[in-house]
Structures are given as C-alpha cells and as structure tokens.
Amino acid sequence: MDEPLYQRIADDLRRRIARGDLPVGSALPSESQLCEQWAASRGPVRQALSALRAEGLIGGGRGRSPVVRTSQVPQPFETLLSFSHWARSLGRTPGQRTLEIARRPARQEVADALEIDEGDPIVDLVRLRLLDGRPTMIERTTFVESVGRLLFDFAFDPDSRSIYAYLADQGVDLSVARHVFDAVAADPTDASLLEVPEGAPLLRERRRAGSASGEPFEYSDDRYRPDIVTFTIENAEQAHPSVGRAWRPTPADSTQTHPK
C-alpha cells in the first residue's frame, strides 16, 4: 500500500532539510506552494508540517512560512538498523571497507548476548563505515554461525551493498532489536580508523537483533564520531519511544554539492 500523501510530503521535506537544500534558518515553501507542487489540498500539507513541528525540525508560522530549526533528522527503526538505508534516506552516499570476516569461538560477552555457549562458533565482521567518503563509524558485528556463514558466499560482496538487505533476501528475520547507547574513549584502532585522537569521545551503540519470536541472531558494537552523527530519542505518553540516528552537518558541508 502506498504511503499517505502527507507522509510523502513530510519525507521529502526531511530529505531536503538533511541535505541542506533547506538550511537551518530558512523558510519552507508556503502551504500554497506545497499544495501546487504535490497537487494536494491543504489538509495533507498541514498534516506534513504538523509532523515536522512535532519532531522539532521546524518552528514559527502564525501566517508566515515555517522556518527550519534543526537539520538533525530522526530516522525510523529500519534505517537505524541499516547504516546504508539511513544514509540514502538523507540523500547521502554510504560506503564501507570490510576489514575482517572471520569464524571463531564466541567469547563470553557475545555468547551471553546471543544466548549460546561460550566457545560456540560465531562469525565476526568488522567494517569501517563511510558517509560521503568520510570515516564515520566502526562496526564490530557478531552473527550466530547459521547466519554469519551466509556472508562467505562468493556471490556476495560486503562492500557493495547493505548486509541487512542481503540477509533479508536470504530469509533472515532481523525485525526486533534492542539498543544500548553510551560513550567510550577511542582506543588506538578506533583513533586510526576514524581519524580522531586516541582517547577522543565516541558514541557507542550496542545492539542485539533477532527474529520477531525473540531468537537472537546478531550482536554489534558500533562506534560513531559524535561530530558527524547524533542520536535522537522521541517519546510520548501512551506511545513507545522512537530512537533515531541523525547526521550532524559541519560548516564545510554547506558548501558541498550533495548527491541526489
């Protein structure tokens, strides 16, 4: 089923804000301009603008066009799980360099997270993730052996596409995830790969993902440069909190031509 019109309008405005086409402080197109652009009545346009206000992306109004307040765009669950999906949703270019894929015995922390025995076979994956060519995140992911062995398929290149999309195509259910966020100091490997000083603060996301029935398939320790990526948590009374990852633009980004 197609998304509601107001959702498509809101998604388009989010992408334009994230890319810098609508920079912080600039006015959005007027309601009449958006109605004309989308061949829509004022109802869907006002719903879209209301959604952006609720997220804190825009403010102002009262007879004037709303103004962009921030470019940190919250993302839904599926884009938090997939770095590639998230980056493309913002009009950015994701990249990755696979540093290791190895089959080895599970250490205790991983075994506990994946509900297996210490020493059971698992598959470790280490990748450097890039955003528009910039080192952004180190991904250290462990899969249970039955899932991880799919990554050794000669037909699959882990640097060519999203691993989550590939695993989904293979029938792996990664529809439920638990995320824990904290801050850590960059160790020598982190510092070298992310091009930051040793000891610099990094945002860490530890994630356990698995099937809707609760079977864990993946445990990951992802470390982000906080000057490039932030996380947003939205909640409301009588609603589950929504967690999102957001790109943090730097002054240099405002002068770049971003991919469409």
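Residues numbered from 1 in each chain as written. Predicted model: local features only at pLDDT ≥ 70, side-chain atom pairs only at ≥ 80, totals over all residues. Heavy atoms only, no water.

As recorded in an unreviewed UniProt entry, the chain goes by the name GntR family transcriptional regulator, listed as coming from Planotetraspora mira.

1. A short note on the overall build of the chain
The helix and strand tally for the chain stands at nine helices and 10 strands. Of all 260 residues assigned to the chain, the portion counted as buried reaches 47%. Contacts spanning at least 24 positions in sequence make up 57% of the contacts within the chain whose residues lie at least 6 apart. (Helix = DSSP H or I, 4+ residues; strand = E, 2+ residues; numbered from the N terminus. Buried < 20%, exposed > 50% of the residue type's maximum accessible area, 1.4 Å probe, protein only. Contact = heavy atoms within 4.5 Å.)

2. A few points about the environment of Gly133
If you trace the backbone, Gly133 turns up in the loop between β4 (121-131) and β5 (134-144). It is 7.6 Å that separates the C-alpha atoms of Gly133 and Pro94, two residues lying 39 residues apart in sequence.

3. Topic: the sheet that holds β5
Sheets are built from strands paired through backbone hydrogen bonds, the pairs being either parallel or antiparallel. On the basis of which strands lie adjacent, the open sheet formed by six strands has the order β3-β4-β5-β8-β7-β6 and antiparallel pairing. Bordering the open sheet on either side are β3 (94-105) and β6 (176-185), each of which pairs with just one other strand. Pairwise comparison of adjacent strand axes, ignoring direction, gives a mean angle of 15° for this sheet. Sheet topology note: the β6/strand β7 (residues 201-210) ladder contains 10 bridges and is antiparallel. Its bridge partner being in β7, Arg178 is matched across the sheet by Arg208. (Pairing = 2+ DSSP bridges. Axes fitted to C-alpha atoms, helices over the stretch in contact; angles between N-to-C directions.)

4. Considering the pairing of β5
In terms of residue burial, β5 counts as a mostly covered element, since nine of its 11 residues are buried. Bridging between β4 and β5 involves 10 bridges; their strand directions are antiparallel. Looking across to β5, one finds that Leu131 is bridged to Arg134.

5. Remarks on the packing of helix α2 (residues 31-38) against helix α3 (residues 42-54)
Interaxial distance between α2 and α3 falls to 9 Å at its minimum, and their mutual angle equals 115°. When the interaxial angle is binned, α2 and α3 end up roughly perpendicular. Once α2 is placed against α3, the crossing between them reads as right-handed. Seen from α2, the contacting residues are Glu31, Ser32, Leu34 and Cys35; seen from α3, they are Arg42, Val45, Arg46 and Leu49. Looking at side-chain class alone, the contact of α2 with α3 contains four nonpolar, one polar and three charged residues. (Parallel < 35°, antiparallel > 145°, perpendicular 65-115°, else oblique. Left-handed = near helix turned anticlockwise from the far one by under 90°. Nonpolar A, V, L, I, M, F, W, Y, C, P; charged D, E, K, R; others polar.)

6. Brief notes about the nonpolar core
Phe143, Val147, Leu151, Ile163, Leu167 and Leu174 are the most contacted members of the largest nonpolar core, which has 21 residues in total. Looking at this core, the elements that each hand over two or more residues are α6 (108-114), β4, β5, α8 (163-169) and β8 (216-224). Apart from residues no more than four positions distant in its own chain, Phe143 is found in contact with Leu114, Ile122, Val123, Leu125, Gly148, Leu151, Ile163, Leu167, Phe217 and Glu218. Leu13, Leu22, Val45 and Val68 belong to the second largest nonpolar core, which has 16 residues in total. (Core = buried A, V, L, I, M, F, W, Y, C linked by side-chain atoms within 4.5 Å.)

7. Considerations on the pairing of β8
The side chains of a regular strand alternate between both faces of the sheet. Among the nine residues that make up β8, nine are buried, leaving the element largely enclosed by the rest of the structure. With seven bridges joining them, β5 and β8 adopt antiparallel strand pairing. Following the sheet pairing, Glu139 is matched in β8 by Asp222. When β7 meets β8, the two strands line up antiparallel, connected through eight bridges. Bridge pairing in β8 places Arg207 opposite Ser220.

8. So, the side chain of Ser162
Position of Ser162 relative to the elements: it lies in the loop between α7 (145-148) and α8. Taking relative accessible area as the criterion, Ser162 reaches 12% and is therefore assigned buried. Those residues in contact with Ser162 that sit more than four places away from it in its chain are Ser82 and Ser84.

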